[in-house]
Amino acid sequence: MEPKLIFADASGFSTPMLALFAVDLATGRNEEPRPLLLTQSSDLADAAARALGPGEFKAALGETALIHATDRLKSAGFQAERLLLVGLGKAKDLSLDKLRKGAGTAVRAAKARSVRNLAIAFPDAPIETNLPLAQLSASLSARALVEGAQLAELDWDTYHSDRKDSNINELALVSKVVDDNSAQQMQAGFHEGLIVAAAQNFTRSLVNEPGNVLTPTELGARAKAMCDEAGLACEVYSTEKIRELKMEAFWSVAKGSAEPPALIVMTYEPSGGAPADSPILGLVGKGITFDSGGISLKPGDGMEKMKYDMAGAAAMIGAMHAIARLKPAVKVVAVVCAAENMPGGRASKPGDVVTAMSGTTIEIVNTDAEGRLVLADGLHYAKTLGATHLIDAATLTGACVVALGMLNAGLFSNDEAACAKFVNALAISGENFWRLPCTEDYRENISSEIADIKNTGKNRWGGATSAAMFLKEFAGDTPWVHLDIAGCAWNEEKKPWLPYGPSGVAVRSIVEWVRSYSV
Ligand code: BES
Ligand code: ZN
Ligand code: ZN
């Protein structure tokens, strides 16, 4: 699918299916829904209303109704064969993210009906209403719509032998004709949306892979291939380099597996180089291609899910894909620590003590708390490569899932400015992160009688914070943002706008965070 942005009158646009958004004007809890179509064509709105019975379509978020072109619609100048009404929910809650979900809903509804060519009408408030639509920038709306469409298009049936191609061939986003300046801005937003969604989909394709296919070596190969294509520098190292760098924490995780680990370093330099003293951003990802728990073996139930324990790494690789194409004026280095956490004969044992690359000694109490071990060396290494600001993403703790469920990922930081930039990025990305504490009073959680620190908390309370405190030790004084995406990396439930499977969470927010440092 190669989406296009077209400036034309949507109601006269000839297409097998035209999707039109609607909001619900009702505000009170007990008020009957009052759907309003987001079009300035009152003929079209009228004809659509007549084709539906009362209460048949409520414009709830993700709700759809299909209308085949009636004579009335045709006589109103309507050219499409079918009209798909797509609900965006309550008018007062309309947001960019609702548009993203609406576009996704349209695409998935079309796919389910084997419609290959789809047009989506850019939402346009009827003249007589004062909807908050005007507050949504046209450029960001174009971006959100194309992102939603692109993310919804994929189904993770890669490994079904009877896989059918149900792809959309053509997608047109149809906006009313606007002045040149506005059209240019919308085109720019549309283009950014294509780039960011492609990057997020690349991340999802990596997360979707099973552990036997996507080993650390394979993850390195795929990152390298992406970098070669995108024009990024990329080095993929393995055991020898990891040991030479004295990354004992990273190695302590990798050594229990027959699969060699991979240390992946991707570098983006702005053209013409960055001015001296400008920030260098360090992106660090947890890339456990399978987490059995190691000697502290996980229970068998649900263990198959631990193939997505590399989602943080995949988010960083995807973010670099977008960064290479968006070309912000800031240098970025990404470090991915990829390994398999297995209970082999050479595996680390509870009670082992290792010295991280930074010199900090670690008592390994639980070999299943392996993410923080690989990230400890990844964060420190990013600093030695010059990173002045750090961000990491990791499916780090079950405790974060207990705390926030699957609708918000965890956000931690040692620096208000870096954190504020991330929170601002969320307004554009539409992703949900909820800040949790990692203040110094929690430091005792990870103190050890045996070594400088231990890799679990003193008890099971506040486990996501204990893990963050461990990472904070390695960020040191460097401004750092930590994203615990354990609960959000995999969509367990399909939505009208998204399939079951890998979500690609954090890519969009990380990309915006990086762009916020562009000078
Ligand atoms: N990969 C897991 C965390 C996880 C849980 C990811 C659920 C995705 C979904 C991590 O390595 C882990 O096992 N953490 C332990 C830490 C504990 C031993 C201190 C956990 O959360 O139980
Ligand atoms: Zn684990
Ligand atoms: Zn893990």
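Residues numbered from 1 in each chain as written. Chains lettered and ligands numbered in written order. Predicted model: local features only at pLDDT ≥ 70, side-chain atom pairs only at ≥ 80, totals over all residues. Heavy atoms only, no water.

How should unusual backbone geometry be read in this particular structure?
Glycine aside, negative phi is the norm for most residues, and most peptide bonds take the trans geometry. The backbone of Ser114 sits at a positive phi, close to 55°, despite the residue not being glycine. Positionally, Ser114 belongs in the loop between α3 (96–112) and β6 (117–121). For Ser114, a relative accessible area of 60% gives the class exposed. If you check the backbone angles, Lys327 has positive phi at about 50° while not being a glycine. Locating Lys327 in the fold gives a position in the loop between α9 (311–326) and β11 (331–341). (Helix = DSSP H or I, 4+ residues; strand = E, 2+ residues; numbered from the N terminus. Buried < 20%, exposed > 50% of the residue type's maximum accessible area, 1.4 Å probe, protein only.)

Teacher, can you tell me more about the coordination of the zinc ion (ligand 3) here?
Coordination angles at a metal have ideal targets, namely 109.5 degrees for four tetrahedral donors and 90 or 180 degrees for six octahedral donors. Within the protein, the atoms that donate to the zinc ion (ligand 3) are Lys286 (NZ), Asp291 (OD), Asp309 (OD) and Glu370 (OE), at distances of 2.0 to 2.4 Å. Classification of the site at the zinc ion (ligand 3) as octahedral follows from its six donor atoms and the range of 77 to 172° in their angles at the metal. Summarised as a motif, the one-chain spacing of the donors to the zinc ion (ligand 3) is K-x4-D-x17-D-x60-E. The distance between the zinc ion (ligand 3) and the zinc ion (ligand 2) comes to 3.2 Å, with Asp291 serving as a donor to both metals. Note that Asp291 is positioned in strand β10 (residues 280–291) and Glu370 in the loop between β13 (361–363) and α10 (371–384), a separation of 79 residues in sequence. Assigned by exposure class, Asp291 and Glu370 land together as buried. (Donors = N, O, S within 2.8 Å, 3.2 Å for Na, K, Ca; no water. Tetrahedral: all angles 85-135°; square planar, octahedral: opposite > 155°, others 65-115°.)

Which parts of the structure should I look at to understand the pattern of salt bridges?
When their charged atoms lie close together, side chains carrying opposite charge are able to pair. Tallying each qualifying case throughout the model produces 31 salt bridges. Measuring nitrogen to oxygen at the nearest pair gives 3.8 Å for the salt bridge that ties Arg116 to Asp165. Placement of Arg116 in the loop between α3 and β6 and of Asp165 in the loop between α4 (138–153) and β7 (170–175) is noted, with a sequence separation of 49 residues between them. Taking relative accessible area as the criterion, Arg116 reaches 31% and is therefore assigned partly exposed. The salt bridge partner of Glu147 is Arg143, with a shortest N-O separation of 2.6 Å. (Salt bridge = Lys/Arg side-chain N within 4 Å of Asp/Glu carboxyl O.)

Would you explain the sheet that holds strand β12 (residues 353–355) in this entry?
Strand pairing in a sheet relies on backbone hydrogen bonds, with the paired strands running either antiparallel or parallel. The strand order across the open sheet built from three strands is β12-β13-β17, with neighbouring strands paired in mixed fashion. Every other strand in the sheet has two partners, leaving β12 and β17 (453–454) as the edge strands with one partner each. Of the strand pairs in this sheet, β12 and β13 are connected by three bridges, and their pairing is antiparallel. Counterpart to Val353 in the pairing with β13 is Glu363. (Pairing = 2+ DSSP bridges.)

What is the right way to read the nonpolar core from this model?
Side chains of nonpolar character tend, in soluble globular proteins, to be buried together. Met266, Leu283, Met320, Phe433, Leu483 and Ile510 are the most contacted members of the largest nonpolar core, which has 61 residues in total. Here this core gets 12 residues from one element, more than from any other, and that element is α9. (Core = buried A, V, L, I, M, F, W, Y, C linked by side-chain atoms within 4.5 Å.)

When you look at the side chain of Thr15 in this model, what are you seeing that I'm missing?
For Thr15, the location among the structural elements is in the loop between β1 (4–7) and β2 (18–24). On the basis of relative accessible area, Thr15 is assigned to the buried category, the value being 7%. Side-chain polar atoms of Thr15 contact the backbone oxygen of Met17, separated by 3.2 Å. In this view, Thr15 contacts Gln79, Ala80, Glu81, Asn117, Leu118 and Ala119; residues no more than four positions away in its chain are not counted. (Polar contact = N/O pair within 3.5 Å; in protein donor to acceptor, adjacent residues only side chain to side chain. Contact = heavy atoms within 4.5 Å.)

Would you explain the packing of aromatic side chains in this entry?
Under the criterion given, the structure shown has five aromatic pairs. With a centroid separation of 5.6 Å and an interplanar angle of 15°, the aromatic rings of Tyr308 and Trp490 are classed as stacked. Placement of Tyr308 in the loop between β10 and α9 and of Trp490 in strand β19 (residues 490–491) is noted, with a sequence separation of 182 residues between them. Both residues of the pair, Tyr308 and Trp490, count as buried. Ring geometry for Phe470 versus Phe474: centroids 5.4 Å apart, planes at 40°, classification tilted. Separated by four residues within a single helix, Phe470 and Phe474 lie in helix α13 (residues 463–475), roughly one turn from each other. Residue Phe470 shares its accessibility class with Phe474, and that shared class is buried. Taken together, the ring pairs connect Tyr308, Trp490 and Tyr500 into an aromatic cluster. (Phe/Tyr/Trp six-rings, centres within 6.5 Å; stacked < 30°, edge-to-face > 60°.)

Please clarify how the coordination of the zinc ion (ligand 2) should be interpreted in this entry.
Donor atoms from the polypeptide that bind the zinc ion (ligand 2) are Asp291 (OD), Asp368 (O), Asp368 (OD) and Glu370 (OE), placed at 2.0 to 2.2 Å. Binding-site remark: the zinc ion (ligand 2) is held by donors from one chain whose sequence spacing is D-x76-D-x1-E. With a relative accessible area of 2%, Asp291 lands in the buried category.

What is the right way to read the side chain of Glu153 from this model?
Considering the arrangement of structural elements, one finds Glu153 in helix α4. Of the side chains with opposite charge, Lys111 comes closest to the buried, unpaired Glu153, at an N-O distance of 4.7 Å. What Glu153 contacts, discounting residues up to four positions off in sequence, is Met1, Val107, Lys111, Asn167 and Ile168. (Lys, Arg positive; Asp, Glu negative; His and termini not counted.)

Can you help me understand the sheet that holds strand β9 (residues 262–268) in this one?
Sheet architecture is open: eight strands sit in the order β8-β9-β11-β10-β14-β18-β15-β16, paired in mixed fashion. The open sheet has two free edges, formed respectively by β8 (233–237) and β16 (433–435), since each of these has just one partner strand. Neighbour to neighbour, the strand axes of the sheet diverge by 20° on average, direction disregarded. Taken together, the five bridges between strand β14 (residues 389–394) and strand β18 (residues 480–484) define a ladder with parallel strand orientation. (Axes fitted to C-alpha atoms, helices over the stretch in contact; angles between N-to-C directions.)

Looking at this structure, I do not really get α9. What am I missing?
Residues spaced three or four apart along an α-helix face the same direction, because each turn holds 3.6 residues. For α9, spanning 16 residues, the distance from its first C-alpha to its last is 22 Å, which sits close to the expected 22 Å at 1.5 Å a residue. With 15 of 16 residues buried, α9 lies mostly within the body of the structure. Phi for Lys327, located one or two positions after α9, is positive at around 50°. (Expected span 1.5 Å × (residues − 1).)

I tried to follow the pairing of β11 on my own but got confused; where do I start?
Remark: a regular strand shows side chains that alternate across the two faces of the sheet. Within β11, 11 of the 11 residues are buried, which leaves the element mostly enclosed by the surrounding structure. Judged by which residues are buried, β11 turns out to be covered on both faces: Lys331, Val333, Val335, Cys337, Ala339 and Asn341 on one side and Val332, Ala334, Val336, Ala338 and Glu340 on the other are all buried. The sheet contact formed by β9 and β11 spans seven bridges and is antiparallel. Looking at β11, one finds that Ile264 is bridged to Val336. Sheet analysis places β10 next to β11, joined by 11 bridges and oriented parallel. Among the inter-strand pairings, Leu281 is bridged to a residue of β11, identified as Val332. On the question of chirality, the crossover connecting β10 to the parallel β11 by way of α9 is right-handed. (Right-handed = clockwise from strand over helix to strand, strands pointing away.)

Nothing here speaks to function; it is geometry throughout.
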